[in-house]
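The residues making up each chain are set out below.
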Amino acid sequence: PAGILVLQISIDSIDAVMGNRSGMGRTGETYLVGSDRRLRSDSALAPATHSVVASFGGSTAENGVDTPAVASALAGKSDRLVLDGYRGTRVLSAFAPLAVGPGTWAIVAEIEEGEIEKGIDNALSDSFIVMLVVSSISVLLLALFLAAVIGRYVRIVSGEFQALTGQVLAGNLAAKGDP
């Protein structure tokens, strides 16, 4: 006896998971693509042209996703690459195959390269400012410490020299000191 099991998951359920963009920035999103290059989840950034409904209602070229990331994932590869995304912008794309029944879908997470670079620039700028402030304070404290130590020894030597000079001026020509 053979049987068939059919499972249906609502698009809303899939979109609830795939549409979660926590920590992904302004241009980050995740989406699913079937082996036919049509979307299985709605795009968060271009829902009018790249949703499940638009993908199945239009052409694959206009409403599907046929990028190198999707092709690689559908071929069974997982990786991270900077490439042109489906919206024509340079993106960092992380992708992997996803076995669904007898077929394979691609799961893709992308963020625009410019947003990554801006984040790195901001982090480096903030880090540089913190390092500059910490370095400046360290140099100032070291300079104050050295000035205090050197000043102390100059005062000691000056006091010893003044005492020795006072003894010589008082007529004690055999006076000895250790400045």
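Note that the coordinates shown come from a computational prediction; the quantities given were computed from them, not determined experimentally.

Trainee: For the overall build of the protein, give the residues involved together with the corresponding values.
Mentor: Within the protein one finds five helices and four strands. Reading the protein from its N terminus to its C terminus gives the helix and strand order α-β-α-α-α-β-β-β-α. By the compact-globule yardstick of 16 Å for 179 residues, the protein is too spread out, its C-alpha radius of gyration being 36 Å. Viewed in the frame of its principal axes, the protein has a C-alpha envelope of about 125 × 40 × 25 Å. Where the 13 positive side-chain charges of the protein centre and where its 18 negative ones centre are 7 Å apart.

Trainee: I'd like a rundown of unusual backbone geometry, residues and numbers included.
Mentor: Of note in this structure, Arg37 is not a glycine but carries a positive phi near 70°. Tracing the sequence through the fold places Arg37 in the loop between β1 (29-33) and α2 (52-57). Classification of Arg37 by relative accessible area gives partly exposed; the value is 23%.

Trainee: Tell me what's going on with a nonpolar patch on the surface, and back it up with residues and numbers.
Mentor: A surface patch of nonpolar side chains, amounting to about 910 Å² of accessible area, comprises Phe128, Ile129, Met131, Leu132, Val133, Ile137, Leu140, Leu141 and Leu144. Here Leu140 falls in the exposed class, since its relative accessible area comes to 52%.

Trainee: Explain helix α1 (residues 11-18) residue by residue, including any values.
Mentor: Listed as buried for α1 are Ile14, Asp15 and Met18. The buried residues of α1 occupy one face: seen down the axis, they fall within an arc of 95°. Pointing more than 90 degrees away from the buried face of α1 are the exposed residues Asp12, Ala16 and Val17. For α1, the secondary structure elements touched by its buried residues are β1 and β4 (103-112).

Trainee: Describe the sheet that holds β4, naming the residues involved and giving the relevant values.
Mentor: Here four strands make up an open sheet; going across it, the order is β1-β4-β3-β2 and the pairing antiparallel. A single partner strand is all that each edge strand has here, and the edge strands are β1 and β2 (79-84). Averaged over all adjacent pairs, the angle separating strand axes in this sheet is 30°, with direction ignored. As paired strands, strand β3 (residues 90-100) and β4 are joined by 10 bridges and run antiparallel to one another. Its bridge partner lying in β4, Leu98 is registered against Trp105.

Trainee: Describe the confidence of the model for the protein, naming the residues involved and giving the relevant values.
Mentor: Averaged over all residues, the pLDDT of the protein is 85; the fraction at 70 or higher stands at 94%. The element-level mean pLDDT for the protein is lowest in α1, coming to 78, with helix α4 (residues 68-74) highest at 94.

Trainee: Got a sec to walk through the pairing of β1? Specific residues and values, please.
Mentor: Of all five residues in β1, five are buried; the element is thus mostly enclosed. Neither face of β1 is open: one carries Glu29, Tyr31 and Val33, the other Thr30 and Leu32, and all of them are buried.

Each value, and the rule that gives it
- Residues numbered from 1 in each chain as written.
- Predicted model: local features only at pLDDT ≥ 70, side-chain atom pairs only at ≥ 80, totals over all residues.
- Heavy atoms only, no water.
- Helix = DSSP H or I, 4+ residues; strand = E, 2+ residues; numbered from the N terminus.
- Rg over C-alpha atoms; globule rule 2.2 N^0.38 Å.
- Lys, Arg positive; Asp, Glu negative; His and termini not counted.
- Charge placed at Lys NZ, Arg CZ, Asp CG, Glu CD.
- Buried < 20%, exposed > 50% of the residue type's maximum accessible area, 1.4 Å probe, protein only.
- Patch = residues over 30% accessible without salt bridge, like charges linked within 9 Å, V, L, I, M, F, W, Y side chains within 5 Å.
- Areas by Shrake-Rupley, 256 points an atom, 1.4 Å probe, with all protein chains shown as cover.
- Salt bridge = Lys/Arg side-chain N within 4 Å of Asp/Glu carboxyl O.
- Arc of directions from axis to C-beta.
- Contact = heavy atoms within 4.5 Å.
- Pairing = 2+ DSSP bridges.
- Axes fitted to C-alpha atoms, helices over the stretch in contact; angles between N-to-C directions.
- pLDDT = per-residue confidence, 0-100.

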